[in-house]
Amino acid sequence: MPWQTILSKTVELPVAGIVRAGGDVLLGFPSGPAQWGVRLYIDGALLWSAQGNSLQVSQHVGARKACEAGPCLVELQWSAAPTVTLHSAYLEIDGLPNTVSV
């Protein structure tokens, strides 16, 4: 089961800051339980992942990362058995100033 990017967005930070992403993925299981996985990368780092072999219809996604000034790529990927369908995927992505020195 190869991983596929389903959403991606480059955030341009004028100064170093925090990139935050959160959302939901909706999966369908017309043939019953099957293997699936979802993962979120920010600036090349795997920051969040979930996987299972069950009827997990809705999966929340979220992470944040301190990034340098310039472009920062956010990618949401999924992988699943052929019987699993991806109904929808949604992400909100923010680039924020680093005011807490994280």
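Residues numbered from 1 in each chain as written. Predicted model: local features only at pLDDT ≥ 70, side-chain atom pairs only at ≥ 80, totals over all residues. Heavy atoms only, no water.

**Student:** How should the overall build of the chain be read in this particular structure?
**Tutor:** Along the chain, the regular secondary structure elements total zero helices and seven strands. When the helices and strands of the chain are placed in sequence order, the string is β-β-β-β-β-β-β. The principal-axis extents of the C-alpha atoms in the chain amount to approximately 50 × 20 × 20 Å. In the chain, which comprises 102 residues, the share counted as buried stands at 36%. Of all intrachain contacts in the chain linking residues separated by at least 6 positions in sequence, the fraction that spans at least 24 positions is 75%. Across the chain, the mean location of the 5 positive side-chain charges is 4 Å away from that of the 7 negative side-chain charges. (Helix = DSSP H or I, 4+ residues; strand = E, 2+ residues; numbered from the N terminus. Buried < 20%, exposed > 50% of the residue type's maximum accessible area, 1.4 Å probe, protein only. Contact = heavy atoms within 4.5 Å. Lys, Arg positive; Asp, Glu negative; His and termini not counted. Charge placed at Lys NZ, Arg CZ, Asp CG, Glu CD.)

**Student:** Mind showing me how you'd approach the pairing of strand β2 (residues 17-28) here?
**Tutor:** With ten bridges joining them, β2 and strand β5 (residues 58-67) adopt antiparallel strand pairing. Bridging from a neighbouring strand, G17 pairs with C67 of β5. Taken together, the twelve bridges between β2 and strand β7 (residues 85-97) define a ladder with antiparallel strand orientation. Across the sheet, residue G22 finds its bridge partner in β7, namely E92. (Pairing = 2+ DSSP bridges.)

**Student:** Before we go on, may I ask you to explain the sheet that holds β5 in this structure?
**Tutor:** Note: strands within a sheet are paired through backbone hydrogen bonds, in either parallel or antiparallel orientation. Pairing in this open sheet of three strands is antiparallel, and the strands run β5-β2-β7 from one edge to the other. On the outer flanks of this sheet lie β5 and β7, each paired with one strand and no other. In this sheet, neighbouring strand axes are inclined to one another by 15° on average, regardless of whether the strands run parallel or antiparallel. (Axes fitted to C-alpha atoms, helices over the stretch in contact; angles between N-to-C directions.)

**Student:** Any chance you could explain the nonpolar core here in plain terms?
**Tutor:** The nonpolar side chains of a soluble globular protein tend to be buried with one another. Ranked by internal contacts, the top residues of the largest apolar core, which has 25 residues, are V19, V38, L40, I42, V61 and V84. Listing elements by their share of this core, those giving two or more residues are β1 (4-13), β2, β3 (36-42), β4 (45-52), β5 and β6 (70-80). The dominant element in this core, judged by the number of residues it contributes, is β6, at five residues. Sequence-distant contacts of V61, that is, excluding residues within four places in its chain, are made with A21, G22, G23, V25, V38, L40, W48, L76 and L91. (Core = buried A, V, L, I, M, F, W, Y, C linked by side-chain atoms within 4.5 Å.)

**Student:** Mind showing me how you'd approach the packing of aromatic side chains here?
**Tutor:** Ring pairs (aromatic) are described by centroid distance and by the angle formed between their planes. A full pass over the atoms with the stated rule returns zero aromatic pairs. Lying across the ring of W3, R39 places its NZ or CZ 3.9 Å from the centre. (Phe/Tyr/Trp six-rings, centres within 6.5 Å; stacked < 30°, edge-to-face > 60°. Lys NZ or Arg CZ within 6 Å of the ring centre and 35° of its normal.)

**Student:** So what exactly am I meant to see when it comes to the side chain of S79 here?
**Tutor:** Here S79 is to be found in strand β6. On the basis of relative accessible area, S79 is assigned to the buried category, the value being 4%. From its side chain, S79 meets the backbone oxygen of P2 in a polar contact 3.4 Å long. Residue contacts for S79: discarding those within four places in its chain leaves M1, P2, W3, W36 and G37. (Polar contact = N/O pair within 3.5 Å; in protein donor to acceptor, adjacent residues only side chain to side chain.)

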